[in-house]
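Reading the structure
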Amino acid sequence: MDSSKLLGITTFIYLFSSVIYLALFIFRVKKVGLLATVVTIIGLLVHSAGIGMRWLESYQMGIGHAPLSNMYESLVFFAWSIVLLYLVVEFIYKNKVIGAFAVPFAFASMAYASLSPEFSDRITPLVPALQSNWLIAHVFTCFIGYAAFAVACGTGIMYLVKLRDKGDSPGSLLSTLPPLKVIDDITHKIILFGFIWLSAGIISGAVWANSAWGTYWSWDPKETWSLITWFIYASALHARFTRGWGGKRIAWIAIFGFLAVVFTYYGVNFLLSGLHSYGAS
Amino acid sequence: MKKKNSFWEFFASVKLALFCFFTLAFASIVGTIIPQNQPPVTYIQNYGERTAEVFRLLNIPDMYNSWWFTSLLALFSINLIVCSIDRLPTVWKLVTMDNLATKVGRLEKMTPRLRFASPKPVQEVAAEVGQTLKEAGWKPGQRELEEGGTLLFAQKTPWVRFGVYIVHLSILVIFAGAIIGTLFGENGSIMVRERSVFSNYFDRHTSEKVPLGFEIRVDDFSLTYYETGSPKEFRSDLTVFEGGREVLQKSIVVNDPLDYKGYTFYQASYQGSDQYWVTIQNQNTGARETFLAQPGAEIKWQQAGVTFGIINLLQPDQWGRYRLKIWFSDGKGEPSVFWLDGESVVSVERTDVSYAFKSEQVFATGLQVAKDPGVWPVYIGCMLMLFGLVVAFFLSHKRLWVYIYEEGSKTKLLVAGGANKNKAGFENMFDALIEKLEDNSTLKLSKE
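Cut-offs applied
Residues numbered from 1 in each chain as written. Chains lettered and ligands numbered in written order. Predicted model: local features only at pLDDT ≥ 70, side-chain atom pairs only at ≥ 80, totals over all residues. Heavy atoms only, no water. Helix = DSSP H or I, 4+ residues; strand = E, 2+ residues; numbered from the N terminus. Rg over C-alpha atoms; globule rule 2.2 N^0.38 Å. Buried < 20%, exposed > 50% of the residue type's maximum accessible area, 1.4 Å probe, protein only. Contact = heavy atoms within 4.5 Å. Areas by Shrake-Rupley, 256 points an atom, 1.4 Å probe, with all protein chains shown as cover. Pairing = 2+ DSSP bridges. Phe/Tyr/Trp six-rings, centres within 6.5 Å; stacked < 30°, edge-to-face > 60°. Lys NZ or Arg CZ within 6 Å of the ring centre and 35° of its normal. Axes fitted to C-alpha atoms, helices over the stretch in contact; angles between N-to-C directions. Parallel < 35°, antiparallel > 145°, perpendicular 65-115°, else oblique. Left-handed = near helix turned anticlockwise from the far one by under 90°. Nonpolar A, V, L, I, M, F, W, Y, C, P; charged D, E, K, R; others polar. Salt bridge = Lys/Arg side-chain N within 4 Å of Asp/Glu carboxyl O. Buried area = accessible area lost by both parts, 1.4 Å probe.

**Focus on the overall build of chain B**
Per the secondary structure count, chain B includes ten helices and 20 strands. Taken over the C-alpha trace, chain B has a radius of gyration of 38 Å; the compact-globule value for 448 residues is 22 Å, which it surpasses by more than 25%. Counting only C-alpha atoms and orienting by the principal axes, one finds that chain B spans roughly 130 × 60 × 45 Å. Counting only residues that meet the buried cut, chain B has 44% of its 448 residues in that class. Considering only residue pairs separated by 6 or more positions, chain B has 58% of its internal contacts joining residues 24 or more positions apart. In the structure as shown, chain B presents an accessible area of about 23,600 Å², 56% of it carried by carbon and sulfur atoms.

**Some words on the pairing of strand E3 (residues 150-156) of chain B**
Residues and elements named next belong to chain B. Most of E3 sits inside the fold, with five of its seven residues counted as buried. Taken together, the four bridges between strand E2 (residues 141-144) and E3 define a ladder with antiparallel strand orientation. Directly across from Glu144, in E3, lies its bridge partner Thr150. Joining the antiparallel neighbours E2 and E3 is a turn of five residues, in which Gly148 adopts a positive phi near 100 degrees. Strand direction decides the pairing type here: E3 and strand E18 (residues 398-407), joined by seven bridges, are antiparallel.

**Thoughts on the packing of aromatic side chains**
Here a ring pair, both rings aromatic, is described through the centre-centre distance and the interplanar angle of the planes. In the structure shown here, the tally under the stated rule is 59 aromatic pairs over all chains. Ring geometry for Trp219 of chain A against Phe69 of chain B: centres 5.3 Å apart, planes inclined by 85 degrees, an arrangement best described as edge-to-face. With Trp219 of chain A in the loop between helix H6 (180-213) and helix H7 (221-243) and Phe69 of chain B in helix H5 (residues 67-96), this residue pair bridges two chains. Between the aromatic rings of Trp68 of chain B and Phe69 of chain B, the centroid separation amounts to 6.0 Å while the plane-to-plane angle is 80 degrees, which identifies the pairing as edge-to-face. Residue Phe69 of chain B is classed as buried on the basis of its relative accessible area, which comes to 1%. We note Lys94 of chain A situated over the ring of Phe91 of chain A; from NZ or CZ to the ring centre the distance is 4.1 Å. Over the aromatic face of Trp277 of chain B sits the side chain of Arg195 of chain B, whose NZ or CZ is 4.4 Å from the ring centroid.

**Structural notes on the packing of helix H8 (residues 163-184) of chain B against helix H9 (residues 375-394) of chain B**
Residues and elements named next belong to chain B. In the contact formed by H8 and H9, the axes pass within 8 Å of each other and the chain directions differ by 165 degrees. The angle between H8 and H9 falls in the class roughly antiparallel. Here H8 runs over H9; the crossing is left-handed. On H9, the residues touching Gly163, Val164, Ile166, Val167, Leu169, Ser170, Ile171, Val173, Ile174, Gly177, Ala178 and Ile180 of H8 are Pro377, Val378, Gly381, Cys382, Leu384, Met385, Phe387, Gly388, Leu389, Val391 and Ala392. In terms of residue class, the contact of H8 with H9 is built from 18 nonpolar, five polar and no charged.

**Focus: the pattern of salt bridges**
Residues and elements named next belong to chain B. Inspection of every chain in the model, using the stated rule, returns 21 salt bridges over all chains. Residue Lys412 is joined to Glu407 by a salt bridge in which the shortest nitrogen-to-oxygen separation is 3.6 Å. Judged by its relative accessible area of 13%, Lys412 is buried. Between Glu438 and Lys447 there is a salt bridge, with the nearest N and O atoms lying 3.5 Å from each other. We classify Glu438 as partly exposed; its relative accessible area is 34%. The exposure class assigned to Lys447 is exposed, which follows from its relative accessible area of 54%. A network of salt bridges, in which partner residues are shared, links Glu233, Arg235 and Asp237.

**Things to note about the sheet that holds strand E14 (residues 323-329) of chain B**
Residues and elements named next belong to chain B. Spatially, the four strands line up as an open sheet ordered E12-E13-E14-E15, and their pairing is antiparallel. The outermost strands of the open sheet, each flanked by one partner alone, are strand E12 (298-301) and strand E15 (336-341). Across the sheet, the axes of successive neighbouring strands diverge by a mean angle of 30 degrees, strand direction being ignored. As paired strands, E12 and strand E13 (residues 306-314) are joined by four bridges and run antiparallel to one another. The residue bridging Lys300 from the neighbouring strand is Thr307, located in E13.

**Observations regarding the sheet that holds strand E20 (residues 446-447) of chain B**
All names here are of chain B. Spatially, six strands are ordered E2-E3-E18-E19-E1-E20 in an open sheet, and the strand pairing comes out antiparallel. Strand pairing shows two members of the sheet lacking a second neighbour, E2 and E20, which therefore form its edges. Lying on the sheet, helix H10 (residues 423-439) is in contact with strand E1 (113-118), E18, strand E19 (410-419) and E20; it crosses E19 at an angle near 155 degrees.

**Here we look at the interface of chain A and chain B**
Quite often, the size of an interface is put as the accessible area lost when its parts meet. The partner chain B presents 44 residues to the 42 residues of chain A that form the contact. Summed over both sides, the interface between chain A and chain B buries roughly 3,600 Å², with carbon and sulfur atoms accounting for 74% of that surface. It is Tyr216, Trp219 and Phe231 of chain A in chain A that bury the most area against chain B; as a group they hold 18% of the surface buried on that side. At the surface where chain A touches chain B, the tally comes to zero salt bridges. Looking at the side of chain A that touches chain B, the elements that each hand over two or more residues are H6 and H7 of chain A.

Here is the structure:
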């Protein structure tokens, strides 16, 4: 079994898992809850095996490197981080409905990685600029942060959906969602978590840039957009800590913040030019 | 308390912080859309003369170094400093305050709080509760209150209240590092041909020659490719000379620069040329010599009495492979004409001597030269920021009081506490502690 097969299977498992979580949410089939979690865990295991396999295969090809070197590999890792993070959130909050708003992000990322003609899933050797130990540290920290913001975006959407629940019919669709206060708290905590990792990602990038190019900050579009994203979440945190912002406004910031993340990660490579342009291939 | 005026309050406000976040973010977007540091003519071509003029006036072509962007960063720094100075005294009080002086009335309003009764005398209960707290990892203090009864207080990690100020400080430290770098740092580059020596570089901004104070020889530049044709490694072999004496040798690649006397030399680029190093060795005497050969030019090796030249060539392909057609004569008989492939050795048999030929394309290596005494402050600031963020987000200041007093010949206990963050986590810990107290067989607690 090679890595691309494993990752292909992973994509389908996540599709299946998304469907079960959505069914759990929409039809309130409580019994499938355990199934959803088990399927997702299996997905994560197959996914991990796929990533590990790809790592191994690169060594067999004599160009060994961590599978974090191009757009395809980063999308795969992005999905992996989302699922891992979501499972942790599910475990902590004992709420499976969040899965309906988080796992689809992982599926979308996997599907986009495998279906988009722009990205090749071939294992290619590392260009000199990427031959550094900082590659793993930088990509890992950034994507844990991005994944957190994706899940926060999911819970943000969930909050806005729940807002439409007037509470007049106890059996209604939206009543299965956790109370607003709980969703708000989850969104906030995940943003805190993501913010630390985003900071670590920016810092590891700066240290790497300094060891490769002799400047830790050069206002390259990728760097600048990561800083813009940082500012967006920083303002959310300040507004919450000191002005008591919460609820709807934080939910919207979680969504806008994630759009900035997507632009930083994806948009910059294709719309703006800069040092990270090798990430586009 | 400091006398506050509206001016001070403005600079201390979160509103200003939010304003800075939004304007910095928004302004930064501009610089990612409009290409930076292009020659003036590019802006005129792309945006028209009038827009280009507006750009020039607003320093858009170098906006991150413009007066207004720098002013925004300065405003942001002032905001950070003033707001920290404004709030620190309050936090300092919270951290250092005498919690044993807390009024009992306040404990009665705290959540979580629980009441118990014990048949034992106050002193014994106080000692026993203190012991249980110690076993649970708290370090309680104790005081007899004037109004009667004993108050126990313990806290964990009060200093975490400084967490957010550690983050604020870290940003200022990073800015300080950046300013040090701008004032005292040097940055430039130089393109050097193999086998030549340099002792200067060209400043990035002024393009002026800056002396290094020592010399570096580029011994070799090599470029290797993967089978796919994409580059695998750019490598320059450098030797540092100090007053003509060799002091250091290092091969640098893209992610592994050379450090010497505060300067760092990075492998940044390279340039191929249409010249070749051709090495000829007389295989009978062992004598050898390397020549810089330009296609079409005749080269004489005086000592050996031979003449040669490159009369034709196949240019390097994407793997850097090339072929040279060499014309060679030692003055005895017909000249030899043969193909010499890159990276290979060709032996030429003449009447009484054989010669070995080897060639290599001549490269110039592009080195980035940087000296930034501000890097360490920046790195320290970064570490401080991560530490501060973890403290500010995930650690909490936990406080716990136990008031033990006599009431109608019975001993009563009031257990109360709180945390500045993660209230749910505190309540779990509180419950676990209560369980420990209830399990204590000496205390014989009963819930009230």
